[in-house]
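Results of the structural survey
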Amino acid sequence: MNVLLKTDPAMSNRRLDSLVGLAAAIILCGLPALLAADETQPATADKAAWGSVSGRVVFEGDMANPLLDRFRGEIPVYAGPRSLLAVERNVRVNPDNARQIGVEINRTLMIDKSTRGIKNAFVYLRKAPDAIHPRHSEKELEDVNIVSRLTRFVPRSRVVQSGQTVQFRNLSPNYQANFHIVPTGDPGFNQWLMPLQRSKWTPRRAERSPIRLQSDIEEMATCWILVLDHPYAAVTAEDGSFTIPDLPVGKHRLRVWHETINYVEKFINVTVEAGKTTNMPNCKLTLEQLRKNMNFNPFKKIQIDHE
């Protein structure tokens with residue numbers, strides 16, 4: 001026997017209105033939370049996507065070995081005109097009328113006695129990673145200052161990004177200065193600056209390794225410049241330490257370079273974890289490496305051409 005149940009149309013409509021109202025309340029109440037979750041999502045993902053690498057570059061070997069004397073110690077500085085023959089042959093001599101006006105410290109290989117750390121080594125990624133931290137991409141690149149202090153450039157080592165302007169300044173009130181650099185992918189720069197004068201240079205292409213800024217009149221004046229198309233590089237401090245922050249998570253390959261032998265390590269594999277600092281084992285520049293690969297001629301004296 002089939003029974004047909006009759007329903008009141010007004011009651012059905014009231015039930016439908018109630019369900020619609022309940023759904024609307026749920027949506028409206030949950031919407032702020034959903035919006036808030038959307039706003040915090042990028043920050044959470046951003047924090048989880050980056051990490052850092054730190055370590056030290058150190059010397060391994062006998063610190064008293066005479067070979068190290070080629071890279072350290074004091075070098076006498078003389079003032080006075082060179083002979084005509086010396087000028088024509090570009091030879092540094094100490095003529096009779098020259099006088100010693102001081103000494104310059106040989107900064108080619110600076111080793112901290114207590115930690116054996118090596119200063120002014122470069123640690124860097126050869127190529128730009130797939131992602132660059134927003135902090136770097138949003139920040140405007142500031143000018144880099146490299147100054148001439150008569151017989152040397154300050155700083156000794158510097159990382160520069162392509163498109164970043166380098167300001168060259170001659171701080172001497174009495175002497176000219178020469179800034180000479182030959183990049184592999186950009187036009188060269190060779191300019192004489194009068195006392196207290198300045199000039200600028202902007203590299204456009206990255207380099208595979210550091211390039212040398214030198215002076216054509218003071219051969220000991222040297223600055224090594226590493227031009228990259230990304231920010232992931234560091235120059236070691238006095239104790240040999242370095243930190244490269246804001247690297248994307250994953251595996252990376254680092255290079256370590258020093259002016260005495262070029263590559264201390266050409267390939268170092270590191271893994272960056274989210275929100276953490278990966279501490280690398282010490283990278284060692286050894287006495288044996290210096291003996292085999294040394295590309296350095298020792299300085300014996302420095303001469304300033306004019307008083």
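Going by the structure above, here's the rest.
Here is a short report on the structure shown in this document.

How each quantity is defined
- Residues numbered from 1 in each chain as written.
- Predicted model: local features only at pLDDT ≥ 70, side-chain atom pairs only at ≥ 80, totals over all residues.
- Heavy atoms only, no water.
- Pairing = 2+ DSSP bridges.
- Helix = DSSP H or I, 4+ residues; strand = E, 2+ residues; numbered from the N terminus.
- Buried < 20%, exposed > 50% of the residue type's maximum accessible area, 1.4 Å probe, protein only.
- Polar contact = N/O pair within 3.5 Å; in protein donor to acceptor, adjacent residues only side chain to side chain.
- Contact = heavy atoms within 4.5 Å.
- Phe/Tyr/Trp six-rings, centres within 6.5 Å; stacked < 30°, edge-to-face > 60°.
- Salt bridge = Lys/Arg side-chain N within 4 Å of Asp/Glu carboxyl O.

**Brief notes about the sheet that holds strand β8 (residues 166-170)**
The four strands are arranged β6-β5-β8-β11 in an open sheet whose pairing can be described as mixed. In this open sheet, the two strands that pair with only one neighbour each are β6 (153-154) and β11 (198-201). By the bridge criterion, five bridges tie strand β5 (residues 144-148) to β8 in an arrangement that is parallel. Bridging across to β8, Val144 finds its partner in Val166.

**Notes on the side chain of Thr236**
Assignment of secondary structure puts Thr236 in the loop between β14 (233-235) and β15 (241-248). In this structure Thr236 comes out as buried when scored by relative accessible area, which is 3%. Of the polar contacts made by the side chain of Thr236, one reaches the backbone nitrogen of Asn120; its length is 3.1 Å. Within the structure, the side chain of Thr236 is placed 2.8 Å from the backbone nitrogen of Ala121, a separation counted as a polar contact. Sequence-distant contacts of Thr236, that is, excluding residues within four places in its chain, are made with Val57, Ile118, Lys119, Asn120, Ala121, Val123, Ser241 and Phe242.

**Side note on unusual backbone geometry**
Backbone phi values are negative for most residues with the exception of glycine, while trans is the configuration of most peptide bonds. With an omega dihedral of 0 degrees, the bond running from Val154 to Pro155 counts as a cis peptide bond. Its identity as a non-glycine residue notwithstanding, Asn120 has a phi of 70 degrees, on the positive side. Tracing the backbone through its elements, the reader meets Asn120 in the loop between β3 (99-105) and β4 (122-125).

**As for the packing of aromatic side chains**
The final tally for this structure, using the stated rule, is six aromatic pairs. On the numbers, 5.0 Å between centres and 25 degrees between planes, the contact of Phe153 with Phe179 is stacked. You can see Phe153 sitting in strand β6 and its partner Phe179 sitting in strand β9 (residues 177-181), a full 26 residues away along the chain. Phe153 sits in the buried class, given a relative accessible area of 4%. Members of the aromatic cluster, connected to one another through ring pairs, are Phe153, Phe168, Phe179, Phe189 and Trp201.

**Some thoughts on the pattern of salt bridges**
On inspection of all chains with the given rule, the structure shows nine salt bridges. Of the charged contacts in the structure, one is a salt bridge between Glu60 and Lys284, with a shortest N-O distance of 3.1 Å. Of the two residues, Glu60 sits in strand β1 (residues 50-60) while Lys284 sits in strand β19 (residues 283-286), which places them 224 residues apart along the sequence. A salt bridge links Arg152 to Glu104; the nearest nitrogen and oxygen atoms lie 3.6 Å apart. Of this pair, Arg152 sits in the loop between β5 and β6 while Glu104 sits in strand β3; the two residues are 48 residues apart in sequence, bridging distant segments of the chain. Under the relative-accessibility criterion, Glu104 is labelled buried at 7%. Through salt bridges with shared partners, one network takes in Glu104, Arg107 and Arg152.

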